[in-house]
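# An overview of the molecular structure
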Amino acid sequence: MLGRRKKDASAAEADQSAESVAAEQSDEMGSVTFRGPRDISDVEPSDDRIDLGALQVTGVAGLSLQVSVDEKTQQVSMVTMVLEDAAVQVQVFAAPRSDGIWDDVRGQIMTSITGSGGLVEEIQGAFGTELRARVAGQSGAMQPARFVGIDGPRWFVRGLFLGSAAGESGHADLEEAFATLVVVRGDEAMAPGEPLPMQVPDSQKQSPSSSKQAVSSSMIPSQSSSTPLHSSAAPGKRAVLL
């Protein structure tokens, strides 16, 4: 009996230890998952953020902000944040109320990249499960790219890190700027994967002839669809530097 009690006690201690480790891992994953971007309901009001409609951007020293504007609708399809030799292209979409879409989108991105001759792998990064890839740039040369996806309450943010931010060491300041993005989903019914409406602030609207290019074309992958799968400037769009 004594020997059995010792075994039972040891088993109980092992179970408790395993549960403790699992809880710590869960906490760690949780801290990564909820690093940001954030929902508007989770942050305090601030006049320091640039209001682009469905997306609000907090200014950071040295950060350049470029928006891609559809010339027909005048709506913003993508926001590019540039800091030093790094950039991140940001798009925000509607998502289901119950489930996130990053798992599905990630698989589609991997299929697309490998199908076009690129290389891609899943990694655990600063924003949870990410994709690190080598894809063809607009010049045709292979370049590093890093895809991240954030599932929020009825929204999904997709970020494509380029330049030094796509490397193994990343770019801490640009990642922090991305993490401080705020999403304003709105209450309207939208199909999952539909882009959330964004617009250029009235004080910043420019004519196509005065638009400025903030990101080197060699940084931008040769993809042009405004969906959770792809992100890039497309025909009929102009760049506005804020």
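Let me sum up the structure you'll find in this document. (Residues numbered from 1 in each chain as written. Predicted model: local features only at pLDDT ≥ 70, side-chain atom pairs only at ≥ 80, totals over all residues. Heavy atoms only, no water.)

## Brief notes about the overall build of the chain
When its secondary structure is counted, the chain shows three helices and 13 strands. Relative to its 242 residues, the chain shows a buried fraction of 40%. In the chain, 64% of the contacts between residues at least 6 apart in sequence involve partners at least 24 apart. On the chain, roughly 12400 Å² of surface is accessible, and the fraction owed to carbon and sulfur atoms is 50%. (Helix = DSSP H or I, 4+ residues; strand = E, 2+ residues; numbered from the N terminus. Buried < 20%, exposed > 50% of the residue type's maximum accessible area, 1.4 Å probe, protein only. Contact = heavy atoms within 4.5 Å. Areas by Shrake-Rupley, 256 points an atom, 1.4 Å probe, with all protein chains shown as cover.)

## Some words on the nonpolar core
Counting residues in hydrophobic clusters, the biggest one holds 34 residues, and the most contacted among them are Val 79, Met 81, Leu 174 and Phe 178. Those elements that provide at least two residues to this core are β3 (55-58), β4 (64-70), β5 (75-83), β6 (86-94), β9 (142-152), β10 (155-163) and α3 (172-179). The leading source of residues in this core is β6, at five residues. Not counting the four nearest positions on each side in its chain, Val 79 is found in contact with Leu 52, Leu 55, Leu 65, Gln 66, Val 67, Val 88, Gln 89, Val 90 and Met 198. The next biggest cluster of nonpolar side chains, apart from the first, holds 16 residues, and it includes Phe 93, Ile 101, Ile 113 and Ala 145. (Core = buried A, V, L, I, M, F, W, Y, C linked by side-chain atoms within 4.5 Å.)

## Quick look at the sheet that holds strand β2 (residues 49-51)
Strand order in the open sheet made by the four strands is β1-β11-β3-β2, with mixed pairing throughout. Since the sheet does not close on itself, it has two edges, and those belong to β1 (38-39) and β2, each with one partner. Two elements, β1 and strand β11 (residues 182-183), share two bridges in a ladder whose sense is parallel. Paired with Asp 39 across the two strands is Val 183, which belongs to β11. (Pairing = 2+ DSSP bridges.)

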